[in-house]
Amino acid sequence: MMGRRRFLGLTGGAGLVLAASLAGPQLLPRRTSAGAVLRSAVPLPAPFQLPLVIPPVLAPATRDGDADRYEITAREATAEILPGLRTPIWGYEGVFPGPTIESRRGRTAIVRHRNELPVPTVAHLHGGHTPPESDGYPTDLVLPARGWAHGHHGMHDPQAVITTGARDYTYPLDQRAALLWYHDHRMDFTGPAVYRGLAGLHVVRDDEEDALPLPRGDREIPLLITDRAFAADGSFDYPSLDPTLTTTPGVTDTYAAGVLGDVVLVNGVPWPVHEVSATRHRLRVLNASNARRYELALDPPPPDGPAFVQIGSDGGLLRSPIAHESITTASAERHDVIVDFGRYPVGTEVTLVNRLGTGPTAQVMRFRVARRAPEDSAIPARLSEVEPLRREQAVVTRDFSFRSGHHGDRRGWLIGGRPFDTGYVAARPRLGDVEIWRFVADLHHPIHLHLANFQVLSRGNREPRPLDAGWKDTVDLEPGEAVEVITRFENYRGRFVFHCHNAEHEDMGMMATFETV
Ligand code: C2O
Ligand code: CU
Ligand code: CU
């Protein structure tokens, strides 16, 4: 029987970063990611050679009354990601990113997730307002259809609902139009599973958004950004303690603060190039990286006007557009932005750069402004209604610290001094109540709540930043920072999790259960 969890002695590079953070947040550069860079053992291709790929949209298996049924099989496959190299992946439908699901608000999507991988899976729809039995609680495993040689799953959770081969997840999707994503969420193994490819997009649309004159069709582009490192044989390199990924969770000590790759992939393509007309485009950016943060900017910047006009966030449209020169994004955040390529002369090559990167990771992709075309979009001054939640509405304030520390004789990533324990409920919010949750961090921690979107109320005792606007489900904490979020828990009673979305932190304990009552 394996141990419940291996905690890591955080030594080496990561340990130094942690020591610095414990000595005082002012010692840490704020403009970084928690983690260590893993270098590829293969030559990296020249950037901006390969065309951007848009993930395929999945057709429903059946459509009836008010539900669409989908079938997605997670399986092993091979992809040519770096030219001439074959990379084994774990893909939904055998592709990375997985196929995109397009849903309409209020129309239920029932997704049958089949598991043909050699390890258990758990599917979670990130940003979905989903009943607990379909939310992908980390021990609600789908065991491999073709059997699991390993035989036991090493967890002791009497409430877990374990199925073999497949599971139907029901998503009511009674929620605002937004870019959601689905990914693996198995306890202790989310990092390696997502790294091997288990992530895809799920777009929810509604009439309100459709009525706006935003760029659409091929002028609406999803950008799922990840970083990876490649081993000499072309495989994704992930510094697991256990290469079989079946027994021992965690990564080697150097990477305990997060695994950062040296290749930036957009929709699974290294540093792609994409031709655009000289018009507005809607870029729907998801940072699906395990641990890397990016500060996205345009090079050259447009000759006049802002680089980005943000129209939406994790939870859909903002009340009104917000201009930004750059967009800082942490794991799991979504930023829905308009870029007006009409500000550039035809022929301009506009590079999406990452100001937090160095060398190969300082670049993300390139747009080539290829031709003039009629402009058919506009950015309305009023986008949507966002009901502001007010401090006075809150019936309780809860405090949670996100830090590394000792639990027993091991170090790990802890919430309120505890590692993830399925038997411990950290909060029991009542349905209908408004609550303030106050988070304090030692390092960079992007904190994510399942079930409930929230609004950022304060950051470091000051006003939230412009990028904190709207409905969020993930908030990026800076080292040493405190953030208050306010939310209302609604509709579904049961247990859910909240956690750091740095996948390595999550796997090494930085997750907790809350139960709506
Ligand atoms: Cu994107 Cu709990 O997950
Ligand atoms: Cu989630
Ligand atoms: Cu974290």
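The rules behind these values
- Residues numbered from 1 in each chain as written.
- Chains lettered and ligands numbered in written order.
- Predicted model: local features only at pLDDT ≥ 70, side-chain atom pairs only at ≥ 80, totals over all residues.
- Heavy atoms only, no water.
- UniProt positions renumbered as here; feature names shortened; annotations may be inferred.
- Helix = DSSP H or I, 4+ residues; strand = E, 2+ residues; numbered from the N terminus.
- Rg over C-alpha atoms; globule rule 2.2 N^0.38 Å.
- Buried < 20%, exposed > 50% of the residue type's maximum accessible area, 1.4 Å probe, protein only.
- Contact = heavy atoms within 4.5 Å.
- Phe/Tyr/Trp six-rings, centres within 6.5 Å; stacked < 30°, edge-to-face > 60°.
- Lys NZ or Arg CZ within 6 Å of the ring centre and 35° of its normal.
- Donors = N, O, S within 2.8 Å, 3.2 Å for Na, K, Ca; no water.
- Pairing = 2+ DSSP bridges.

- By the naming in an unreviewed UniProt entry, the chain is Multicopper oxidase CueO, taken from Saccharopolyspora antimicrobica.
- According to UniProt, the comment filed for the chain under the heading Catalytic activity (unreviewed entry) is "4 Cu(+) + O2 + 4 H(+) = 4 Cu(2+) + 2 H2O".

**Let's talk about the overall build of the chain**
Link 1 in the chain: Of regular secondary structure, the chain possesses four helices and 35 strands.
Link 2 in the chain: On C-alpha atoms alone, the chain measures out to a radius of gyration of 22 Å, which is about the 24 Å that the 2.2 N^0.38 rule sets for 517 residues.
Link 3 in the chain: Taken over the C-alpha atoms alone, the chain extends approximately 65 × 55 × 55 Å along its principal axes.
Link 4 in the chain: The buried share of the chain, reckoned over its 517 residues, is 62%.
Link 5 in the chain: Intrachain contacts of the chain at a sequence separation of at least 6 include 78% that bridge at least 24 residues.

**A few points about the packing of aromatic side chains**
Link 1 in the chain: What the rule picks out here adds up to 18 aromatic pairs.
Link 2 in the chain: When the ring of Tyr137 is compared with that of Phe420, the centres are 6.3 Å apart and the planes differ by 55°; the resulting orientation is tilted. Of this pair, Tyr137 sits in the loop between strand 7 (123-126) and strand 8 (142-143) while Phe420 sits in the loop between strand 27 (410-415) and strand 28 (425-427), and the two are 283 residues apart along the sequence. In this pair, the class of Tyr137 matches that of Phe420, namely buried.
Link 3 in the chain: Here a set of aromatic residues connected by ring pairs shows up, and it is made of Phe400, Trp437, Phe489, Phe496, Phe498 and Phe514.
Link 4 in the chain: Between Arg196 and the ring centre of Trp90, over which it is positioned, the NZ or CZ distance is 4.4 Å.
Link 5 in the chain: Its guanidinium or amino end placed over the ring of Tyr424, Arg418 lies 3.5 Å from that ring's centre, counting from NZ or CZ.

**Notes on the coordination of the copper ion (ligand 2)**
Link 1 in the chain: The coordination sphere of the copper ion (ligand 2), as far as protein atoms go, consists of His124 (NE2) and His448 (NE2), spread over 1.9 Å. A residue pair is termed long-range when its members are at least 10 positions apart, and His124 in strand 7 and His448 in strand 30 (residues 445-449) qualify at 324 residues.
Link 2 in the chain: For His448, a relative accessible area of 1% corresponds to the buried category.

**A word on the pairing of strand 27**
Link 1 in the chain: Here six bridges tie strand 26 (residues 396-407) to strand 27, and the two strands are oriented antiparallel to one another. The partner of His407 across the bridge, within strand 27, is Arg410.
Link 2 in the chain: In this structure, the hairpin formed by strand 26 and strand 27 is closed by a connection of two residues, where Gly408 is found at a positive phi of approximately 65°.

**Observations concerning the environment of Met508**
Link 1 in the chain: Mapping Met508 onto the fold places it in the loop between helix 4 (503-507) and strand 35 (511-516).
Link 2 in the chain: Along the chain, Met508 and Phe189 lie 319 residues apart, while their C-alpha atoms are 9.1 Å from each other.

**Considering the environment of Ala74**
Link 1 in the chain: Tracing the backbone through its elements, the reader meets Ala74 in strand 3 (residues 67-79).
Link 2 in the chain: Given a relative accessible area of 3%, Ala74 falls into the buried group.
Link 3 in the chain: Every residue in contact with Ala74, bar those within four places of it in the chain, is listed here: Gly91, Tyr92, Arg114, Asn115, Glu116, Leu117 and Leu198.

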